[in-house]
Each structure stands twice: as C-alpha cells, then as structure tokens.
Amino acid sequence: MGVDTSSPVNNSPAQDQLIPILPYSLIVGQKTLKLALELAYIAPRLGGVLLSGQRGTGKSTAVRAFAKMVYGDLPVTLPINATEDRVVGGLDVDKLMQSDAQWKDGLLVEAKDKLLYVDEINLLDDHIVNIILDVTSTGKLEVQRDGQSVRDDVSFTLVGTMNPEEGGLRPQLLDRFGLMVNVNTATTKEERLKILQNVLTFEDEWARQQADGASAFLAQAQEADEQRRNALTQARKHFYDVEVTPALETCVALAEAFEVEGNRGERVLAMAARAHAALAKRFEVTIDDLRIIAPLAFQHRRMGVDQNQEAMWTEKDELELRRVLGSDSDK
C-alpha cells in the first residue's frame, strides 16, 4: 500500500523533503494496524507492536506515515545487521583512533521520544531483540562497558515488522511484544481500487507540490493528520484519568480462558484497553474495549503458539471471547 521509496536509514529534514511519505490519513483500511500503532503511542509502556504479514501489505508505509504524523520525522530505523555497540552505544571509534575516548550514543538513545522501527525483526539477533525489548518495557537504558557507565531515561514507540514466510520469533520474544497484529492484503475490489487511486493521486500531487510549492489535496491530508495527532496527544494526557480497576477481574478471566502463558498478557490487555478508552474520551474501561483489544494482546501469548502461523485468531476464538465477556460483547 502506498508509496515509499525511502531506504532503511535515518534521514535529515532536508532529505525528508525529497522522500514522498504517504500521509497517514490517506492510508486505506488497515484499521487494526493503525489502532495498534496509536495505542502504543498513547501508552508507550505497552512494550511495542509487532506487525506480521507478507511483503507488500503496507506495513512499512503505515509505520513511516504514522511516525511522520505524530513525531514530525521519519522513524529511527534499526538495520538487521546492527551491532550491540550501535544499538546501546559505545566508545566512538573515530575519536578513539585520535586517542580521544568519547562516548557515542546508540540508536536507542537516538530514538528517544520518537519511533524506533525494526524491519524484519525476526532476522535480528535474539540478544539484540532482548535488549531493545528490555529498554522498551522499562524506559531505562543502563550500559556499562569500556570503563564507562551510562544511564538514561529512554522512552520511544517500538514497532517491529516481520514476514512469517521468512521465519518467526521465538515464543519468549513474541511474549515481550505488547501487541501483535496480523497484517493482511486488501482483498475487496473497492478497497484495492481506493488504495490505487490514493497512491496515484498522491504521487501526482507530491510532484506538483515539488514543482509549484502547493497542493490543495496534500494540504487537506495534512490537516486531517494534524487533527488525528491532536486526538492522540489528548488521549495520551487523558490515559491516567481512565479507571481500569473494575475491568481487572475480567482481564484475568480472559487470560485464563485463552490459556495465556505468564502474567504479561493481562497487564497488556488492561493497559491497552485503558488507552483505547482514553482515545474514545471515556473515563472507564468497558467490555467493548476488552473485546477489541484481547486478540491483539493474547494471540501471540497462548500455549503452543506456532511462531510461523500468520492467522492466529480464529472464529472459534471470537466465540470464546464472547462467552467469557457475556452478552454485552455482542452489542
């Protein structure tokens, strides 16, 4: 989906002007993907989002559009060949060659208050993935190496993508991600046509803007993006005003019903449901919040999960969800 000719590197503002990033508001469909990104922004301690789907389903386009909308910049991208030094920081080799021992921050610090994007995270070394997930969940980075000790508060929105055809993540790493979304190709004729129209119109209007300096079409999309960013900012501020305590017993009941391993699943469900309520400007988590969030929080945490399986949440799971939540979930 969309146009994205950017390479997986960080870009300067000047470079951004030369890279056509499809506005977030022009992304067609992908409702669940967008919801997961927004919840992770509202509640960064969720532990990040894992997007699983075949190539060409718009995962990278959506992530870059979202980062551009909420942070005004492209995501900080972590390449699959990144070393531990590059991720957490270490002595600057260039300075060291000049007998000047200086610390150089890694990508985790560069991603502070931004979006950290790990494309094909299933191909990354497990040790590096563990480090990233630790920092995401705690918001703390502590590094002791080369005789130096570095501590920093590091908060960012983590998004990893993977193509299950190229291998999966070990269940222990899957569990560390807060939410997981199975991203599917648009299949209806109407949706495919709308995607194609949006992409081609965007390409034409982007070229026109580069030549003439103005595009009413892109200005309208930018205004829609600004409205959505403002809504997310307000939801982030409102997050701690939302009462979640009455829903906790239901969170635990759901975790038991779906045989979720460990206790992280119900915590993520409670936090994400709270973020969902905050986005809806409500002051209390409802059954409907839990019904919408449960698949994203549980599908990758159940016992015996096949790490390469793409469609993990089934109709049978939906029936079980409704059984536990009661008749209100059918509304």
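Fair warning: this is a prediction, and the values are worked out from it, not measured in the lab.

Conventions and cut-offs
- Residues numbered from 1 in each chain as written.
- Predicted model: local features only at pLDDT ≥ 70, side-chain atom pairs only at ≥ 80, totals over all residues.
- Heavy atoms only, no water.
- Axes fitted to C-alpha atoms, helices over the stretch in contact; angles between N-to-C directions.
- Helix = DSSP H or I, 4+ residues; strand = E, 2+ residues; numbered from the N terminus.
- Parallel < 35°, antiparallel > 145°, perpendicular 65-115°, else oblique.
- Left-handed = near helix turned anticlockwise from the far one by under 90°.
- Contact = heavy atoms within 4.5 Å.
- Nonpolar A, V, L, I, M, F, W, Y, C, P; charged D, E, K, R; others polar.
- Buried < 20%, exposed > 50% of the residue type's maximum accessible area, 1.4 Å probe, protein only.
- Salt bridge = Lys/Arg side-chain N within 4 Å of Asp/Glu carboxyl O.
- Core = buried A, V, L, I, M, F, W, Y, C linked by side-chain atoms within 4.5 Å.
- UniProt positions renumbered as here; feature names shortened; annotations may be inferred.
- Expected span 1.5 Å × (residues − 1).
- Pairing = 2+ DSSP bridges.
- Phe/Tyr/Trp six-rings, centres within 6.5 Å; stacked < 30°, edge-to-face > 60°.
- Lys NZ or Arg CZ within 6 Å of the ring centre and 35° of its normal.

### What about the packing of helix α13 (residues 287–298) against helix α14 (residues 315–325)?
Running from N to C, α13 and α14 cross one another at 150 degrees; their axes reach a closest spacing of 11 Å. When the axis of α13 is compared with that of α14, the two are roughly antiparallel. Crossing geometry of α13 relative to α14 is assigned as right-handed. Note on element contacts: α14 touches α13 through E318, L321 and L325, opposite I287, L290, R291, A294 and P295. Looking at the contact of α13 with α14 residue by residue, the classes come out as six nonpolar, no polar and two charged.

### Describing unusual backbone geometry
Positive phi values are uncommon outside glycine, yet D113 reaches one of about 60 degrees. Checked against the element boundaries, D113 lands in the loop between α6 (107–110) and β5 (115–118). Judged by its relative accessible area of 54%, D113 is exposed. In this model, E120 sits at a positive phi of 55 degrees, which is unusual for a non-glycine residue. Inspection of the secondary structure assignment puts E120 in the loop between β5 and α7 (126–138).

### Some points on the pattern of salt bridges
Across all of its chains, the model carries 14 salt bridges by this definition. Residue E110 pairs with R86 through a salt bridge whose shortest N-O separation is 3.3 Å. In this pair, E110 sits in helix α6 while R86 sits in helix α4 (residues 84–88), placing the two residues 24 residues apart along the sequence. Overall, the relative accessible area of 30% leaves E110 in the partly exposed class. For R86, a relative accessible area of 33% corresponds to the partly exposed category. With a closest N to O distance of 2.6 Å, D153 and K140 form a salt bridge. Of this pair, D153 sits in strand β7 (residues 148–153) while K140 sits in strand β6 (residues 140–145); the two residues are 13 residues apart in sequence, bridging distant segments of the chain. Via salt bridges that share partners, D175, R264 and R301 belong to a single interconnected network.

### Let's talk about the nonpolar core
Ranked by size, the top nonpolar core spans 63 residues in total, and within it F66, L179, L269, L290 and F298 carry the most contacts. Of the residues forming this core, the biggest block, ten residues, is contributed by helix α12 (residues 264–279). With residues near it in sequence (within four places) discarded, L290 still touches A247, T250, C251, L254, L269, A273, V285 and L325.

### Comments concerning the UniProt feature "domain: AAA+ ATPase" (unreviewed entry) in the protein chain
According to UniProt, the feature "domain: AAA+ ATPase" (unreviewed entry) maps to residues 45–187 in the numbering used here. Across residues 45–187 one finds 31% helix and 27% strand; the C-alpha atoms that close the span lie 34 Å apart.

### Details of helix α10 (residues 216–238)
With 23 residues, α10 should cover 33 Å at 1.5 Å per step; its first-to-last C-alpha distance of 33 Å lies within 8% of that length. Restricting attention to buried positions, one finds in α10 the residues L218, A221, D225, L232, A235 and H238. If you follow the buried residues of α10, they end up packed against α2 (31–42), α3 (59–71), α9 (189–212) and α12.

### Some remarks on the pairing of β7
Regular strands have side chains that alternate between both faces of the sheet. In this sheet, β7 lies alongside β6 in antiparallel orientation, the contact comprising six bridges. Each bridged residue has a counterpart across the sheet, and for K140 the counterpart in β7 is D153. Between β6 and β7, which follow one another and run antiparallel, lie two residues, and D146 among them has a positive phi close to 55 degrees.

### Considering the packing of aromatic side chains
Under the defined criterion, the tally for this structure stands at six aromatic pairs. Aromatic pair F239 and Y240: ring centres 4.9 Å apart, planes at 85 degrees, arrangement edge-to-face. Since its relative accessible area comes to 4%, F239 is described here as buried. Y240 gets classed as exposed once you look at its relative accessible area, which sits at 65%. The interplanar angle of 45 degrees and the centroid separation of 6.2 Å between the aromatic rings of F258 and F298 together place this pair among those described as tilted. Taken together, the positions of F258 in the loop between α11 (248–257) and α12 and F298 in helix α13 put the pair 40 residues apart, joining distant regions of the chain. Residue classification places F258 among the buried residues on the basis of a relative accessible area of 5%. By the ring-pair criterion, three or more aromatic residues cluster together here, those being Y24, Y41, F66 and Y71. Geometry around Y24 places K34 over its ring, the cationic atom sitting 5.8 Å from the centre. Directly above the ring of F239 sits R274, whose terminal nitrogen or CZ lies 5.0 Å from the centroid.

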